[in-house]
Amino acid sequence: PVSLAAYIAGFNALLVVAGAVLYLLWIVLEPFRNPILWAIICSVTLRDVRDKLVDFWSTELKERSLAGCAVAPLRVLLELIHEVILGIARQIYKALGKSVPDEVSGRGTKINVLATDSYFKWL
C-alpha cells in the first residue's frame, strides 16, 4: 500500500508539471495562436487541392525540363479551352438531335490540343 501511494503521488506531481508546461507553452505561443489556427484550418480544407497540384507538378517535372514546367499553365489553359469547345459541340449536337461523334463525345482517342504534347516534349 505504501508503494501504491508513492506511485499515485508521483503521477499527480507529473500531472501538475505537465499542466504547468502546457500553460507556459500556451502563454509563449499566444502571439502565434491565430496564425497557427488559420494554418491548420487552411491545410485541412485545401488538402485535396494541394494533393492535385503536387501530383500535377511532380509529373511535369519528371516528364519535362524546367522550361517545360514554366509553360505548363499554358498547357492546362489549352486543355481547358479544348474541353469547353468539346462541351459546346456536344450541346450543339444534342440540340440538333444528332448523335454525338466519338471525337466530340470524348469516347474516341485523346485529341492533342494544338499538338501540345509534341510541342512540350522538346521543352
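Residues numbered from 1 in each chain as written. Predicted model: local features only at pLDDT ≥ 70, side-chain atom pairs only at ≥ 80, totals over all residues. Heavy atoms only, no water.

## Quick notes on the overall build of the protein
Part 1 of the argument: Along its length, the protein carries 7 helices and 0 strands.
Part 2 of the argument: When the elements of the protein are put in sequence order from the N terminus, they spell out α-α-α-α-α-α-α.
Part 3 of the argument: Per-residue burial for the protein yields a buried fraction of 13% across its 123 residues.
Part 4 of the argument: Looking at the protein alone, contacts between residues at least 24 apart form 40% of all its contacts between residues at least 6 apart. (Helix = DSSP H or I, 4+ residues; strand = E, 2+ residues; numbered from the N terminus. Buried < 20%, exposed > 50% of the residue type's maximum accessible area, 1.4 Å probe, protein only. Contact = heavy atoms within 4.5 Å.)

## Some thoughts on the packing of helix α3 (residues 47–63) against helix α5 (residues 72–96)
Part 1 of the argument: Relative orientation of the contacting elements α3 and α5 amounts to 115 degrees, with a least axis distance of 11 Å. Between α3 and α5 lies a crossing whose hand is right-handed. Contacts between α3 and α5 involve Phe-56, Trp-57 and Glu-60 on the former and, on the latter, Ala-72, Pro-73, Arg-75 and Val-76.
Part 2 of the argument: Taken together, the residues of the contact of α3 with α5 sort by class into 5 nonpolar, no polar and 2 charged. (Axes fitted to C-alpha atoms, helices over the stretch in contact; angles between N-to-C directions. Left-handed = near helix turned anticlockwise from the far one by under 90°. Nonpolar A, V, L, I, M, F, W, Y, C, P; charged D, E, K, R; others polar.)

## Focus: a nonpolar patch on the surface
Part 1 of the argument: A grouping of Leu-22, Leu-25, Val-28, Leu-29, Phe-32, Ile-36, Leu-37, Ile-40 and Val-44 is seen on the molecular surface, where their side chains present a nonpolar patch of about 840 Å² in accessible area.
Part 2 of the argument: At the level of elements, α1 (2–28) and α2 (33–45) are the ones that each hand at least two residues to the nonpolar patch.
Part 3 of the argument: Considering every element that reaches the nonpolar patch, the biggest residue donor is α2, with 4 residues.
Part 4 of the argument: Position of Val-28 among the secondary structure elements: in helix α1.
Part 5 of the argument: Residue Val-28 is classed as exposed on the basis of its relative accessible area of 56%. (Patch = residues over 30% accessible without salt bridge, like charges linked within 9 Å, V, L, I, M, F, W, Y side chains within 5 Å. Areas by Shrake-Rupley, 256 points an atom, 1.4 Å probe, with all protein chains shown as cover. Salt bridge = Lys/Arg side-chain N within 4 Å of Asp/Glu carboxyl O.)

## Remarks on the confidence of the model for the protein
Part 1 of the argument: Mean pLDDT over the protein: 79, with 81% of residues reaching 70 or higher.
Part 2 of the argument: Across the protein, the secondary-structure element scoring lowest on mean pLDDT is helix α7 (residues 116–121), at 49, and the one scoring highest is α1, at 94.
Part 3 of the argument: Low pLDDT (under 50) marks residues 111–116, which in the prediction has 9 contacts with non-local residues, meaning those over four places away or in another chain. (pLDDT = per-residue confidence, 0-100.)

## Focus on the pattern of salt bridges
Part 1 of the argument: A complete count under the given rule lists 1 salt bridge for this structure.
Part 2 of the argument: For Asp-51, the salt bridge goes to Arg-50, with nearest N and O atoms at 3.0 Å.

## Here's the deal with α1
For the α-helix, the turn length of 3.6 residues means that residues three or four positions removed from each other point alike.
Part 1 of the argument: Counted at 1.5 Å a residue, the expected span for α1 with its 27 residues is 39 Å, and the 39 Å between its end C-alpha atoms agrees.
Part 2 of the argument: Within α1, only 0 of the 27 residues are buried, leaving the element largely exposed. (Expected span 1.5 Å × (residues − 1).)

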